[in-house]
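# Observations on the model geometry
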Amino acid sequence: MKQFISFVKKEFHHILRDKRTLFILLGMPVVQILIFGFALTNEVKNSKIAVLDPSRDLSSISLTGQLDASRYFDIQEELHSYKDIGQAFREGKIKLAVVFPQNFERDLLHFNKAQVQLIADASDPNVATTLTNYATAVIMDFQNRITRNRKLPYTIDTEIRMLYNPQLKGAYTFVPGVMALVLMLVCTMMTAITVVREKENGTMEVMLVSPVKPLKIVMAKAVPYLLLSMVNIASILLLSVFVLDVPLRGSLALLAFGSILFTLTCLALGLLISSATSSQQTAMFISLIGLFLPTMMLSGFMFPIENMPLPLQVVSNLVPAKWYYRIAGAVMIKGLGFGAIWKEVLILSGMMVFLLVLSIKKFKIRLA
Amino acid sequence: MSSDVIISANNLTKIFGDFRAVDGISFEVHPGEIFGFLGANGAGKTTAMRMLCGLSMPSSGSATVAGFDVYKEPEKIKRSIGYMSQKFSLYEDLTIRENIRFYAGIYGKSDAFIKEKTAALLEQLHLRSEANKLVRSLPLGWKQKLAFSVAIFHEPRIVFLDEPTGGVDPVTRREFWNMIYAAAGAGITVFVTTHYMDEAEYCSRVSIMVDGKIEALDTPAGLKQSLNAASMDEVFLKLARKAVRSGD
């Protein structure tokens, strides 16, 4: 035990003396959360639009007013001819143009049918889709109001409730995602690097000639990074709850349990990488390209897995971050208990045990 | 095992694929000897040494170190030996005192032992005022002397040195060898690989490996006489010229 403590102490010295790395390790999650929270948002607010309204009647003006009043849109200019639309898009002044027909109100009242054209800048398809959806919703709302006074044979009113995230805040999805990314980075990459560094320096050899058991060396390396990850998780949660207003609905203990499980999986992965490589650069590259990217792409945090082609969906099952992301999301945002995530926990535990056994075995073989 | 043999190898062999890195070597080392293990790069010195230290399993043959079998009792061997690799092996980002503490700690030495011996060692190396400085700030020669002191800090019966003086100036090398003599005088058997021939002269006995086999084994004087050579350099060249393998 004393031996083990002196080992852990040494690892802490390594981490604490390397101020720059320590700063990055502790600062990175904070910066990521702030960037995702305030800068990178896929919510659409105050998008600039233009209106071409040749009819200028009561209805069209009223609808235009409603569009302008919504928080999604900001009417940038009133256009006067069809030609101006193309010009406005080319200049990048607007993302959406709303075009009324010549006699909007007359069509509406006399033929019971009027058309409004929505033209969107689809060079960014997601934004274009979102904007046309919002605009359509505003128009439907307007239509509902004018038809309320009349008798229609059939009407279906949709009433929408957004569960768990009524304001549709992006932060709800990226906070669990950033937690997965940060843990992956701190644990996998740093473990891999710190073990490989000892190989490079020749200190690993000296330790292997000593009576210390390889398992102890490995565990002593894991302890400080496990603690560091917990600090990171805590700072991410504090920031999310108090700065970004993301709720922590479920049990903190359950979330911590899931995080430790994922951290151990990452540590085992890092160890596996370290036994396959012999230079710090290679270890870093493998960690970044082999793990960081799949974590971003295939965990469901950036892109919905359901929309991916089948082979990718299958591959995504191998990404440990996917399961952790689901656990964190379910516990934090939905406030669900263990009953809802036992499957994910089981899969992640299986991965952890498999990777841990494999990496310790490989570690021993290499050193034997 | 007779009482005056501390390391013995019998037909010790290591094969990687179809490459016989170490090809059936046999020798004995006596307690308190400085045993020089010479050979060109790629001759198999390091592989042989790694097998004796328990870092690598022999493919065939037998060997005992400090009376323990390399196959069956590697853990006991590890407790009885010290090791210094050719890569200089202290932690640069730890202080001198922390390095000593750490390495002594992994051999399970008591706090009292460590404290007393650290003070004596720092005194002996004239490093007392530098004890709390990072190893990074020491000149290479000092690092190497410190690494050697750390390798024998836990008072092993045998210390293995793998090309310990690479890249060090002649004056420091001389001082380093004085430390080796002192260790041998204190009863520690020294097993050292080198390719500096002047260092070979300092050894009690020298073995010369060529292409995985031991070509010669005797005292430096004995070798010079039997090969009719004026210096160890000449001895080495005469033997190594037969080599088929080239270095690295």
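Residues numbered from 1 in each chain as written. Chains lettered and ligands numbered in written order. Predicted model: local features only at pLDDT ≥ 70, side-chain atom pairs only at ≥ 80, totals over all residues.

## A closer look at the overall build of chain B
Here is the rule we go by: Runs of H or I in DSSP of at least four residues are treated as helices and runs of E of at least two as strands, each being numbered from the N terminus. Restricting the calculation to C-alpha atoms gives the radius of gyration, and the globule rule supplies 2.2 Å times the number of residues raised to the power 0.38. Note on burial: count the other C-beta atoms lying within 10 Å of the residue's C-beta; 20 or more is buried, 12 or fewer is exposed, in between is partly exposed, and C-beta positions come from the backbone.
A tally of regular secondary structure across chain B gives 9 helices and 10 strands. Rg of the C-alpha trace for chain B: 18 Å, near the compact-globule value of 18 Å for 248 residues, within the 12% margin. For chain B, the C-alpha atoms occupy an extent of roughly 50 × 40 × 35 Å along the three principal directions. Per-residue burial over chain B gives 43% buried out of 248 residues.

## A few points about the interface of chain A and chain B
Put simply, the test is: Note on contacts: residues are paired as contacts if their backbone-placed C-beta atoms lie within 7 Å. Three residue categories are used. Nonpolar comprises Ala, Val, Leu, Ile, Met, Phe, Trp, Tyr, Cys and Pro, charged comprises Asp, Glu, Lys and Arg, and polar comprises the others, including Gly.
In this assembly, 20 residues from chain A lie in contact with 23 residues from chain B. Sorting the residues of the side of chain A that touches chain B by element identifies α1 (2-17) and α8 (203-209) of chain A as the ones contributing at least two each. At 7 residues, the largest contribution of residues to the side of chain A that touches chain B is made by α1(A). Its residues assigned to classes, the side of chain A that touches chain B comprises 7 nonpolar, 8 polar and 5 charged.

## Notes on the domain arrangement of chain B
All names here are of chain B. Defined as follows: For the domains described, the bounds stem from an automatic or database domain assignment.
When its domains are assigned, chain B resolves into domain 1 (31-56 + 157-248) and domain 2 (89-155). Taking the mean C-alpha position of each, domain 1 and domain 2 sit 26 Å from one another. Each side of the interface is counted separately: domain 1 has 10 residues, and domain 2 has 7 residues. Per-element accounting of the side of domain 1 that touches domain 2 gives the leading share, 4 residues, to helix α6 (residues 170-185). When its residues are assigned to classes, the side of domain 1 that touches domain 2 shows 7 nonpolar, 2 polar and 1 charged.

## Things to note about the pairing of strand β9 (residues 205-210) of chain B
Residue and element names in this part refer to chain B. Short version of the rule: In short, DSSP must find at least two bridges between two strands for them to pair.
Counting buried residues in β9 gives 5 out of 6 residues, a clear majority hidden from the surface. For strand β3 (residues 34-39) and β9, the ladder comprises 5 bridges, and the chain directions are parallel. When the sheet's bridge partners are listed, Gly-39 is paired in β9 with Met-209. Relative to strand β10 (residues 213-218), β9 runs antiparallel, the two sharing 5 bridges. Of the residues in β10, the one forming a bridge with Ser-207 is Leu-217. In sequence, β9 turns back onto β10 through a hairpin of 2 residues, with Asp-211 there showing a positive phi of about 50°.

## Description of the nonpolar core
What tends to happen in soluble globular proteins is that the nonpolar side chains get buried as a cluster. Heads up, the condition is: Put simply, a nonpolar core is a cluster of buried Ala, Val, Leu, Ile, Met, Phe, Trp, Tyr and Cys residues tied together by C-beta atoms within 7 Å.
Membership of the largest hydrophobic core comes to 141 residues, with the highest contact counts inside it found for A:Ala180, B:Leu52, B:Val159, B:Phe160 and B:Val190. In terms of residues, this core owes the most to one element, helix α7 (residues 171-201) of chain A, which gives 20 residues.

## Comments concerning the sheet that holds β10(B)
All names here are of chain B. The cut-off we apply is this: Each axis is a line fitted through C-alpha atoms, taken for helices only over the stretch in contact, and angles between the N-to-C directions span 0 to 180 degrees.
The sheet built from 6 strands is open, its strands ordered β6-β7-β8-β3-β9-β10 with mixed pairing. Bordering the open sheet on either side are β6 (81-84) and β10, each of which pairs with just one other strand. In this sheet, neighbouring strand axes are inclined to one another by 15° on average, regardless of whether the strands run parallel or antiparallel. Bridge count between strand β7 (residues 158-162) and strand β8 (residues 189-194): 5 bridges; the pairing is parallel. Bridging from a neighbouring strand, Leu-161 pairs with Val-192 of β8. Against the sheet, α6 contacts β3, β7 and β8, and its axis sits at roughly 150° relative to β8.

## A word on the domain arrangement of chain A
Segmentation of chain A into domains returns domain 1 (2-40 + 169-362) and domain 2 (47-146). Between the C-alpha centres of domain 1 of chain A and domain 2 of chain A there is a distance of 47 Å.

## Some words on helix α3 (residues 96-106) of chain B
Taking burial as the measure, the 11 residues of α3(B) include 10 buried ones, the bulk of the element. Lining the buried residues of α3(B) we find α1 and α8 of chain A together with α4 (111-124) and α5 (140-151) of chain B. Phi for B:Gly108, located one or two positions after α3(B), is positive at around 70°.

## What to know about the environment of B:Pro58
All names here are of chain B. Tracing the chain through its elements places Pro-58 in the loop between α1 (45-53) and β4 (60-65). Given 21 C-beta atoms within a 10 Å radius, Pro-58 is considered buried. Excluding its chain neighbours within four sequence positions, the residues that come into contact with Pro-58 are Leu-12, Thr-13, Lys-14, Met-51, Ala-63 and Val-70.

## A look at the environment of A:Ser316
Residues and elements named next belong to chain A. Note on placement: Ser-316 falls in helix α12 (residues 310-316). A C-alpha to C-alpha distance of 9.0 Å links Ser-316 and Thr-295, two positions 21 residues apart in sequence. Setting aside residues up to four positions removed in sequence, Ser-316 forms contacts with Leu-298, Ile-305, Met-308 and Lys-322.

## Quick notes on the sheet that holds strand β1 (residues 47-52) of chain A
Residue and element names in this part refer to chain A. Ordered by their spatial adjacency, 4 strands build an open sheet running β2-β1-β3-β4, and the pairing between neighbours is mixed. In this open sheet, the two edge strands, each paired with only one partner strand, are β2 (73-79) and β4 (117-120). Strand-to-strand twist in this sheet, taken as the mean axis angle between neighbours without regard to direction, amounts to 25°. Along the sheet, helix α3 (residues 58-69) makes contact with β1, β2 and β3 (96-99), crossing β2 at roughly 140°. Across the face of the sheet, helix α4 (residues 82-90) comes into contact with β1, β2, β3 and β4 while running at roughly 130° to β2.

## Considerations on the confidence of the model for chain B
Rule in force here: Residue-level confidence of the predictor is what pLDDT reports, using numbers from 0 through 100.
In this model, chain B carries a mean pLDDT of 89, and residues with pLDDT of at least 70 account for 97%. Scored as a complex, the prediction yields pTM 0.79 and ipTM 0.84.

## Looking at the packing of α3(B) against α4(B)
Residues and elements named next belong to chain B. Our working rule: Put simply, angles under 35 degrees are roughly parallel, angles over 145 are roughly antiparallel, angles from 65 to 115 are roughly perpendicular, and the rest are oblique. Should the near helix be turned anticlockwise from the far one by less than a right angle, the crossing is termed left-handed; should it be turned clockwise, right-handed.
Following both chains from N to C, one finds α3 and α4 inclined at 135°, their axes separated by 11 Å at the closest point. Taken together, α3 and α4 sit at an angle that is classed as oblique. Of the two possible hands of crossing, α3 and α4 adopt the one that is right-handed. For the pair formed by α3 and α4, the contact residues are Arg-97, Ile-100, Arg-101 and Ala-104 on the first element and Ile-114, Thr-118 and Leu-121 on the second. Looking at side-chain class alone, the contact of α3 with α4 contains 4 nonpolar, 1 polar and 2 charged residues.

## With respect to the packing of helix α10 (residues 252-276) of chain A against helix α13 (residues 320-332) of chain A
Residue and element names in this part refer to chain A. Two numbers describe how α10 lies on α13: the axes approach to 10 Å, and their chain directions differ by 170°. Classified by the angle between their axes, α10 and α13 sit roughly antiparallel to one another. Residues Leu-254, Leu-255, Gly-258, Phe-262 and Thr-265 of α10 touch α13, and the partners they reach there are Pro-320, Tyr-324, Ile-327, Ala-328, Val-331 and Met-332. Its residues assigned to classes, the contact of α10 with α13 comprises 9 nonpolar, 2 polar and no charged.

## Quick word on unusual backbone geometry
All names here are of chain B. Phi is positive for Ala-66, which is not a glycine, with a value near 55°. Turning to its location among the elements, Ala-66 is positioned in the loop between β4 and β5 (68-69). Located in the positive-phi region is His-126, a residue other than glycine, with phi close to 55°. Inspection of the secondary structure assignment puts His-126 in the loop between α4 and α5.

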